[in-house]
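What follows is each chain in one-letter form.
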Amino acid sequence: PVPHLPHGAGLPGLPSMSGRSHTPDPAGYAANRREDLVERLKVVSGPLVNVTGTAQSRAAEWIIEGDDFKLGAKSPFLVQRYVLALIYYSMGGEGWGI
């Protein structure tokens, strides 16, 4: 299972985007948001985005469900935030002590 970060929490140890001007992509709230995001993230990680338990799928799940920014597939910040989450999950970030 993917650990759920409380709303308002960024990934521990990673800078948040608070303080930056950001307007969520209104199209990102459409019913097909998940599918659009997964297709966009496949460009970065290929089919591993769909393999349960991989760092790629866990990072994608965090982007889709856990990230308070709720970025849409067209957001210029999507790949950057996904890659940071991917690094976090790839390096066992859930076990890091702060």
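All figures in this text were calculated on a predicted structure; none of them were measured in a lab. (Residues numbered from 1 in each chain as written. Predicted model: local features only at pLDDT ≥ 70, side-chain atom pairs only at ≥ 80, totals over all residues. Heavy atoms only, no water.)

Asks: I'd love a proper account of the packing of aromatic side chains, names of residues and values included.
Replies: A ring pair, where both rings are aromatic, is described by two values, the distance of the centres and the angle of the planes. According to the stated counting rule, one finds two aromatic pairs in the structure shown. Between Tyr 88 and Tyr 89 the ring centres are 5.0 Å apart and the planes differ by 80°, which places this aromatic pair in the edge-to-face class. The exposure classification of Tyr 88 matches that of Tyr 89, with both residues buried. Seen in terms of ring centroids, Tyr 88 and Trp 96 are 5.2 Å apart; in terms of plane orientation they differ by 80°. Their pairing is edge-to-face. Each member of the aromatic cluster is reached from another via a ring pair, and the members are Tyr 88, Tyr 89 and Trp 96. (Phe/Tyr/Trp six-rings, centres within 6.5 Å; stacked < 30°, edge-to-face > 60°. Buried < 20%, exposed > 50% of the residue type's maximum accessible area, 1.4 Å probe, protein only.)

Asks: Residues and numbers for helix H3 (residues 78-90), please.
Replies: Along its 13 residues, H3 runs 18 Å from first to last C-alpha, staying within 8% of the 18 Å computed at 1.5 Å per residue. Summarising the contacts, the buried residues of H3 are in contact with helix H1 (33-45) and helix H2 (55-66). Following H3 by one or two positions, Gly 92 adopts a phi angle in the positive range, close to 70°. (Helix = DSSP H or I, 4+ residues; strand = E, 2+ residues; numbered from the N terminus. Expected span 1.5 Å × (residues − 1). Contact = heavy atoms within 4.5 Å.)

Asks: Tell me about the side chain of Ser 45, and name the residues and values.
Replies: Structurally, the position occupied by Ser 45 is in helix H1. Look at Ser 45 and you get buried, because its relative accessible area is 14%. Looking at Ser 45, its side chain comes within polar contact range of the side chain of Tyr 82, at 2.6 Å. Filtering out sequence-adjacent residues up to four positions away, Ser 45 remains in contact with Gln 56, Tyr 82 and Leu 86. (Polar contact = N/O pair within 3.5 Å; in protein donor to acceptor, adjacent residues only side chain to side chain.)

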